Amino acid sequence: MAIDTTTGMIDIDSEAAPTVEQDRLYRLWEEGNWSAKSLDFSQDAVQWREGLDDSQRRAFLWNYALFLDGEESVTVTLNPFMQAVQRYEDRIFLATQIADEARHHVFFDRFLREVAGIGTSYAETLDIMRQGLTWGYNQVFTELDRVADQLRLHPDRPPLLAQGLAIYHLVVEGMLAHTGQHFMRDYCTKHTMLPGFATGINLVARDESRHIAFGIQTLRELVANSADCKRAAIAELNKVLPWAAGVFTPPNLDWSYIEAFGYTPAEVFAFGLRSVVTKLRRAGIAPDEVLALVKLGAHRTPPAEQAQLALALVEGGIIGTAAPPRMTAATLDALFTATRYVADWTQPRHPDLDATIQWLFDDAPPRYLVLGATGGTQVVQGRAATPRLTLRCTAADWGRIAGGRLNQQQALLSRRLRLSGDLRFALRLPQILPV
Ligand SMILES: [Fe+2]
Ligand SMILES: [Fe+2]
C-alpha cells in the first residue's frame, strides 16, 4: 500500500511503492494539516529537566541544531523549485511544502525555547543553535544554497532541477532528515519520552513522506526523459554524499552523542545508506551508477557492511570531516577496500588490462593493487615484484587525494605525489581509479 490510511504516511521506504499523484499529495496535505503552535509541551518540560541526563540533553540538542537550521534552510531554498517545475499540480504541491517547512521550523523553535530554554526569538534561537553545527552539515547546506541560487538564475534548465531534487529531496530529506526523524521517533516511543515532541516529530515525518514522494517522482520523470538530467543528478550525488556522511558525525567524532540514545553509529549510517539507495532506485538511478556509493560497496554489499566502511573512512578523516587524515592500518584497509570496489567497477571498461599498481608511502607500509587478477581485483600489503606503476607520497596525502581534498594533478605538480614506471599507463589512471 502506498499510503497508510490511518496515519496518512506515504510509503517511501520500499522500492516497489507505486506513485502517488500530485493532486492526491495536495489532498493529503489539506486533510493532514496540524498546528505546531498548539502542541502541548508541559510534560516535555518536566521530563527535559528530570527524566534526561546531561549527555542525553546534549545529544538531543545536537540533533535539534541540525533540524532547526535545516528546516529554516529548506523553507528558503525551495522557492526557486517552484519557478523551475512546469505543471500547476507541481507548483501547488511545492507551495504546500514551503508552508510545511516553515511549520517544522516553528515546531523545533518552540520546543527549544519553551522546553530547553534556548533563546527568546526565532533569530536568537537560530544563532545559538547554529554554534553546534558541524563541518559536514555546513558543506551540505552551503551546496544546497548554491544549487538553489543557480536554479533561481536558470529556472529553465531541467538538469539543474534534477540536481536540485537530488540534493534537496533525496539527500537532505530522504537520507538525512528521514534518518534523524526515524531514530528520534523510535527513542521517544520506546521510552515514552517527550510526548509533545513525539507527537510533533511524527507529524513532521508524515509531512516529509509527501515531500520525499514528490521528489522521487519528479526526479524519476526527469531521469527517464533526459540523459543530461540523469548525469546532473548523479554528479550532484557524487559531490554531496561524502559530505552527507559528516552530517551523521557528531562534533569531535564523539560517538556518545549517538550512543546516549542506545543506538550505534553503524546503525545510523546503515539506515541512512539504505534509505538513500531505496529512493535512488525508485528515481531510476542504480547504486552502481553513483561513484560515491560504489566506493562504499553499495552495489554489492548490504547496508551494514557499507556503514562499517563509511565509518572507518569518517574516523580516518577521509570523508565527512575537516579533520586531518589519521592514517591508521584500519583507515588504509578501508581506503584500499574502496579502491578495490572502484577498480572492479571500472574493469569492464578495460577488459584486457593486466597490471599492478604499487603505493610506497613515506610513513606507512606499502600496498599494491593487482588489476585483471582472476577472481577480481586484489589488494596486497607489501612490495610487488614488477609493478607497472609506482606512486610515492605520504599516506595522509593519499587519503586527501582519495577523499577529494587534494587534487591529483596539483599533487603531481607540487611533487607531493611522485610517479615512476609506465607513465603512459599513468595517464589512464583517472579512468581506472576515478576519484
Ligand atoms: Fe521539514
Ligand atoms: Fe521536507
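About the cut-offs
- Residues numbered from 1 in each chain as written.
- Chains lettered and ligands numbered in written order.
- Predicted model: local features only at pLDDT ≥ 70, side-chain atom pairs only at ≥ 80, totals over all residues.
- Heavy atoms only, no water.
- 1 Å grid on protein atoms, 1.4 Å probe; cavity = no way out; pocket = protein on both sides within 12 Å on 5 of 7 lines; lining within 4 Å.
- Points joined across faces, edges and corners; volume = space filled by probe spheres on them.
- Helix = DSSP H or I, 4+ residues; strand = E, 2+ residues; numbered from the N terminus.
- Nonpolar A, V, L, I, M, F, W, Y, C, P; charged D, E, K, R; others polar.
- Core = buried A, V, L, I, M, F, W, Y, C linked by side-chain atoms within 4.5 Å.
- Buried < 20%, exposed > 50% of the residue type's maximum accessible area, 1.4 Å probe, protein only.
- Domains from an automatic or database assignment.
- Contact = heavy atoms within 4.5 Å.
- Pairing = 2+ DSSP bridges.
- Axes fitted to C-alpha atoms, helices over the stretch in contact; angles between N-to-C directions.
- Donors = N, O, S within 2.8 Å, 3.2 Å for Na, K, Ca; no water.

Enquirer: Is there a simple way to explain empty space enclosed by the protein in this structure?
Expert: For the structure on display, the rule yields two cavities of 30 Å³ or more. Lining the largest cavity are 29 residues, and of these N63, L66, F67, L176 and G180 lie nearest its centre. Every element with two or more residues in the lining of the largest cavity is listed here: helix 3 (54-77), helix 7 (135-153), helix 8 (158-190) and helix 11 (256-259). Across the lining of the largest cavity, the residue classes break down as 20 nonpolar, five polar and four charged. By volume, the second largest cavity amounts to about 40 Å³. In terms of lining residues, the second largest cavity is bounded by A343, T346, Q347, H350, L353, L371, G372, T377 and I432. Of the residues contributing to the lining of the second largest cavity, the split by class is four nonpolar, five polar and no charged.

Enquirer: Please clarify how the nonpolar core should be interpreted in this entry.
Expert: Within the largest apolar cluster, 150 residues are counted, with the highest numbers of intra-cluster contacts made by Y64, F107, F197, F269, W359, F361 and L433. When we break this core down by domain, the ones giving at least three residues each are domain 1 (22-315) and domain 2 (346-432). Filtering out sequence-adjacent residues up to four positions away, W359 remains in contact with F336, T339, P366, R367, Y368, L369, L391, W398 and L433.

Enquirer: Where do I start with the pairing of strand 3 (residues 378-381) in this structure?
Expert: Regular strands have side chains that alternate between both faces of the sheet. Bridge analysis of strand 2 (residues 367-371) against strand 3 gives four bridges, and the strand direction is antiparallel. Residue pairing across strands places V370 opposite Q378, the latter belonging to strand 3.

Enquirer: Can you help me understand the sheet that holds strand 2 in this one?
Expert: Picture the strands of a sheet paired through backbone hydrogen bonds; they go either parallel or antiparallel. The five strands are arranged 3-2-1-4-5 in an open sheet whose pairing can be described as mixed. Edge positions in the sheet fall to strand 3 and strand 5 (418-421), since each has one partner strand and no second. With direction set aside, neighbouring strand axes in the sheet form an average angle of 20°. Set on the sheet, helix 15 (residues 329-346) makes contact with strand 1 (355-361), strand 2 and strand 3; between it and strand 2 the angle comes to about 15°. Across the sheet, helix 16 (residues 395-402) lies against strand 1 and strand 4 (389-393), angled at about 110° from strand 4, the strand it touches most.

Enquirer: I would appreciate a short explanation of the coordination of the iron ion (ligand 2) in the present structure.
Expert: Reference values for coordination geometry: four tetrahedral donors around a metal ideally subtend 109.5 degrees, six octahedral donors ideally subtend 90 or 180 degrees. The iron ion (ligand 2) binds to the protein through E101 (OE), E173 (OE), E208 (OE), E208 (OE) and H211 (ND1); the donor distances cover 1.9 to 2.5 Å. A spacing of 3.4 Å is found between the iron ion (ligand 2) and the iron ion (ligand 1), which share E101 as a donor. You can see E101 sitting in helix 5 (residues 88-114) and its partner E173 sitting in helix 8, a full 72 residues away along the chain. Assigned by exposure class, E101 and E173 land together as buried.

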